[in-house]
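Commentary on secondary and tertiary structure
Residues per chain are reported as follows:
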Amino acid sequence: MASHAVQFATAITRFPAPSAVNGLRAEDQGVPDYQLMMRHHVDYRAALRDAGAVVIELPMLDDYPDAQFVEDTALCLPGLAIMMRPGAESRRGEVAPMRQALSLIFDDIEDITTGFIEAGDILVTEREVLVGRSARTDQDGVDALQAILNRHGYSMRVVDTPPDVLHFKTDCGLIDDTTIIATRRLARSGCFDGYDVKLIPDGEEPAANMIRYNDTILMADGFPRTEAMLKAEGYTVTAIGNSECAKIDGGMSCLSLRF
Ligand code: CIR
């Protein structure tokens, strides 16, 4: 297992609102249980704290059922926040309140003003920023991000989120400074050539949306083979209930901004 070069200090989350039961979803998987979703959110925040985060918890936004999925509203890089422009129209109003919150932390904030892009489609590695075009992230949005990242000296590479997959990171995560865990369908595209790639065991694809926070991997519970594989390789893993967010296509990465 490689060493962890990037260390995080802060995480931003937003408490789920009762309207979360109406969050966007690709297919009906039943009505989320709001009380259980809140309990999972408490566990998620506790896991981030245990991993070393100061967790900033923003108030719920009942007008925006998907607002707990804060990741999609901004890309946070060292000293720079870039505000997204969500492809989902019902989510665009989440950006302004997040901008206001981030303006208290970041001196430098840039805005995507053309096209559409959601940060669930962005994977930041040690060497580059990978951006997946998807139903939520179009070429104009990608071009707008490229212009901003160029100005700030970041290298960016455009890839494709697999068809019918919500976001690029629905299917992958960075688990140490050189290793990406990914579904077979995404890894097969070759977009991770040059990285160490670990494949999610077949049948446990939803486990791919996991995050590393310092020395801990946070993953959704219910994926025993993936969890056992990571533990056997020496990773510290915390598995958190995610059944209710999963019904509205949300997972570990979407629930926080980490920097
Ligand atoms: C949506 O469809 O926008 C939300 N229900 C789920 C967003 C998940 N975000 C993410 O994967 N980054």
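See the structure above.
Rules used throughout
Residues numbered from 1 in each chain as written. Predicted model: local features only at pLDDT ≥ 70, side-chain atom pairs only at ≥ 80, totals over all residues. Heavy atoms only, no water. Core = buried A, V, L, I, M, F, W, Y, C linked by side-chain atoms within 4.5 Å. Buried < 20%, exposed > 50% of the residue type's maximum accessible area, 1.4 Å probe, protein only. Helix = DSSP H or I, 4+ residues; strand = E, 2+ residues; numbered from the N terminus. Polar contact = N/O pair within 3.5 Å; in protein donor to acceptor, adjacent residues only side chain to side chain. Near = heavy atom within 4 Å. Areas by Shrake-Rupley, 256 points an atom, 1.4 Å probe, with all protein chains shown as cover. Nonpolar A, V, L, I, M, F, W, Y, C, P; charged D, E, K, R; others polar. Salt bridge = Lys/Arg side-chain N within 4 Å of Asp/Glu carboxyl O. Contact = heavy atoms within 4.5 Å. Pairing = 2+ DSSP bridges. Axes fitted to C-alpha atoms, helices over the stretch in contact; angles between N-to-C directions.

Looking at the nonpolar core
- By size, the foremost hydrophobic cluster in this structure holds 33 residues, and its most contacted members are Y44, L48, M210, L218 and L230.
- Contributing elements (two or more residues each) for this core: α1 (34–50), β12 (211–213), β13 (216–220) and β14 (236–240).
- Ranked by size, the runner-up nonpolar core spans 17 residues in total, among them I82, I112, V129 and V131.

Describing the environment of M38
- Relative to the helices and strands, M38 resides in helix α1.
- For M38, a relative accessible area of 16% corresponds to the buried category.

Considerations on the side chain of T73
- By secondary structure assignment, the location of T73 is in the loop between β2 (54–58) and β3 (74–77).
- By relative accessible area, T73 is classed as buried at 2%.
- Engagement of the side chain of T73 in a polar contact is seen with the backbone oxygen of V70, the distance being 2.7 Å.

Thoughts on the site of the ligand
- The immediate surroundings of the ligand are formed by 13 residues, with L24, D66, D72, R136 and I248 found nearest.
- In this structure, D72 approaches the ligand through a side-chain N or O atom, which is 2.8 Å from a nitrogen atom.
- At a separation of 2.9 Å, an oxygen atom of the ligand approaches a polar side-chain atom of R91.
- When the ligand sits alone it has 340 Å² of accessible area, and the protein chains cover 98% of it.
- A breakdown of the residues in the shell around the ligand according to their chemical character gives five nonpolar, two polar and six charged.

Looking at the pattern of salt bridges
- Overall, the coordinates contain 16 salt bridges when judged by the stated rule.
- Here R133 makes a salt bridge to D160, at a shortest N to O gap of 3.1 Å. Here R133, found in strand β7 (residues 129–133), pairs with D160, found in strand β8 (residues 156–160); they are 27 residues apart in sequence, far enough to count as distant.
- D160 sits in the partly exposed class, given a relative accessible area of 44%.
- Between E244 and K247 there is a salt bridge, and its shortest N-O distance comes to 2.8 Å. Summarising the burial analysis for this pair, E244 and K247 share the class buried.
- A cluster of three or more residues bridged by salt bridges with shared partners is formed by E71, K169 and R258.

What to know about the environment of G120
- Its location among the elements puts G120 in the loop between β5 (108–111) and β6 (122–124).
- Taking the relative accessible area as the measure of exposure, G120 reaches 1% and is therefore buried.
- Expressed as a C-alpha distance, the spacing of G120 and L36, which sit 84 residues apart in the sequence, is 24 Å.
- Excluding residues within four positions of it along the chain, G120 makes contact with E71, D72, H167, F168 and K169.

Quick notes on the sheet that holds β6
- Ordered by their spatial adjacency, three strands build an open sheet running β6-β7-β8, and the pairing between neighbours is mixed. Bordering the open sheet on either side are β6 and β8, each of which pairs with just one other strand. Strand-to-strand, the axes of this sheet are offset by a mean angle of 20°, without reference to chain direction.
- Summarising the sheet, β6 and β7 pair through three bridges and their orientation is antiparallel. Considered in β7, the bridge of V124 is made with V129.

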